Amino acid sequence: MTAELTLLQLRENVDMIREKMARAALHAGRRPEDILLCAACKARSSELVRLSADTRIDVFGENRMQEMRRHLEDGAFQGKPCHFIGHLQTNKVRQVVGQAELIHSVGSGRLLAAINREAGRQGIVQDILIEINLGLEDSKAGIREDELKQMLEAAEGLKHVRVRGLMAIPPPVPGNEEARPYFARLRELMEQAQTWQLPGAKLDTLSMGMSGSYEAAIMEGATIVRVGRDIYGERG
């Protein structure tokens, strides 16, 4: 497959996703431009990521620190923002803080503190999302729903992190409608947190929805959807 044909297919894929995003937003009475398309580029080459940057992708989402660093070094994002959306180990924090515009997956007080220390060392404020384990799955990271207030209050005492909202990966379900209750619950948690009036938190971001479920997520208030397979196809 030639580079030109690959780019054409990427544009077609992204345009189709954008159309579905817009329909879902309008159906929910929302503005399509208020929702970011995050391309989950796990296990993709720098060449493919660079090609996809020439489409209507808003931001790139990285799951692995090593891949993120390689894509950054190769200039694959073409100036578009990079978010870290995967599980982040505390010993990898130094390589991610200050490089990722937003870290989606902060699911423990230990990780929160480590990010704050590194951001302080760099003299920056790192934007983060708190990850919620909605299905209480042992295989997934994230805090329990009843731990959210404690986590936000802990973040209030830290000078170098700013909580922008919540993120979740629901349990595997067949499709959009089965995923909606989980997305609705994350939105309800955000609305509840907004009533706590914590001055250090800027709760305006809901990262939820992937290939196969992003339309339901938008219907329930997602401001960022993380889409990989529907852009790039199945990983080889």
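For every chain, the first residue of the written sequence is number 1, and numbering continues from 1 along that sequence. In keeping with the model being predicted, local features are shown solely for residues with a pLDDT of at least 70 and side-chain atom pairs are shown and tallied solely at 80 or more, while totals for entire chains, interfaces and linings include all residues. Calculation of side-chain values draws on the structure's entire complement of heavy atoms; hydrogens and water are dropped beforehand.

### Quick notes on the overall build of the protein chain
Here a strand is any run of E in DSSP of at least two residues, a helix any run of H or I of at least four, and the numbering for each starts at the N terminus. Of regular secondary structure, the protein chain possesses nine helices and eight strands. Along the first, second and third principal axes, the C-alpha atoms of the protein chain reach 50 × 40 × 30 Å. Burial analysis of the protein chain (236 residues in total) assigns 48% to the buried set. Note that accessible areas follow from Shrake-Rupley with a 1.4 Å probe, and for residues the cover is restricted to the protein chains shown. Total accessible area on the protein chain stands at roughly 11300 Å², and carbon and sulfur atoms take up 47% of it. Only protein chains enter the accessibility calculation, which uses a 1.4 Å probe; a residue whose area is less than 20% of its type maximum is buried, one above 50% is exposed, and one in between is partly exposed.

### A few points about the nonpolar core
The set of buried Ala, Val, Leu, Ile, Met, Phe, Trp, Tyr and Cys residues whose side-chain atoms join them within 4.5 Å is what this entry labels a nonpolar core. Counting 67 residues, the largest nonpolar core has I103, I115 and I130 as the members making the most contacts within it. Ranked by residue count, the leading element in this core is helix 1 (residues 3-27), at seven residues. Throughout, a contact is declared for two residues whenever any of their heavy atoms are within 4.5 Å. Ignoring anything within four residues of it in the chain, the contact list for I115 reads L88, V93, V97, I103, V106, Q126, I128 and V161. Among the nonpolar cores identified, the runner-up in size contains eight residues, and C38, A40, V59 and L102 belong to it.

### Considering helix 6 (residues 148-156)
The set of residues buried in helix 6 consists of L148, M151, L152 and A155. The buried residues of helix 6 occupy an angular sector of 95° when the element is viewed end-on, so they sit on one face. Contact partners of the buried residues in helix 6: strand 4 (102-106), helix 5 (109-122), strand 5 (126-132), strand 6 (161-168) and helix 7 (176-194). The directions from the helix axis to the C-beta atoms form the arc being described.

### Here we look at the pairing of strand 2 (residues 59-62)
The alternating pattern of strand 2 places V59 and G61 on one face and F60 and E62 on the opposite face, and all of these are buried. Strands qualify as paired when DSSP identifies two bridges or more between them. Bridge count for strand 1 (residues 36-40) against strand 2 is three bridges, and the pairing is parallel. For A39, the partnering residue across the bridge sits in strand 2 and is F60. Taken together, strand 1, helix 2 (residues 46-52) and strand 2 form a β-α-β motif whose crossover is right-handed. In this sheet, strand 3 (residues 82-84) lies alongside strand 2 in parallel orientation, the contact comprising three bridges. The partner of F60 across the bridge, within strand 3, is C82. What joins strand 2 to strand 3 is helix 3 (residues 65-73), and the crossover it makes is right-handed. A clockwise path from the first strand over the helix to the second, with the strands pointing away from the viewer, defines a right-handed crossover.

### Observations concerning unusual backbone geometry
In this model, A43 sits at a positive phi of 65°, which is unusual for a non-glycine residue. Structurally, the position occupied by A43 is in the loop between strand 1 and helix 2. The backbone of Q78 sits at a positive phi, close to 55°, despite the residue not being glycine. By the secondary structure assignment, Q78 is in the loop between helix 3 and strand 3.

### Quick word on the environment of Q95
The residue Q95 is located in helix 4 (residues 93-96) in this model. Note on Q95: relative accessible area 25%, which makes it partly exposed. Here the alpha-carbon distance between Q95 and M65, two residues 30 residues apart in the chain, equals 6.9 Å.

### Overview of the environment of R70
Mapped onto the elements, R70 comes out in helix 3. Distance in space between the C-alpha atoms of R70 and S46 is 7.6 Å, their sequence separation being 24 residues.

### Some points on the pairing of strand 8 (residues 224-227)
Residues of strand 8 alternate between two faces, with I224 and R226 on one and V225 and V227 on the opposite face, all of them buried. Pairing of strand 1 with strand 8 involves four bridges; the strand directions are parallel. By the bridge assignment for strand 8, C38 is matched with R226.

### Quick word on the pattern of salt bridges
Basic side-chain nitrogens of Lys or Arg form a salt bridge, by our definition, when they fall within 4 Å of a carboxyl oxygen of Asp or Glu. In total, this model carries 20 salt bridges according to the counting rule given. Measuring nitrogen to oxygen at the nearest pair gives 3.4 Å for the salt bridge that ties E118 to R94. One end of the pair, E118, is in helix 5; the other, R94, is in helix 4, with 24 residues separating them in the sequence. We note a salt bridge from R121 to E118, for which the minimum N-O separation is 2.8 Å.

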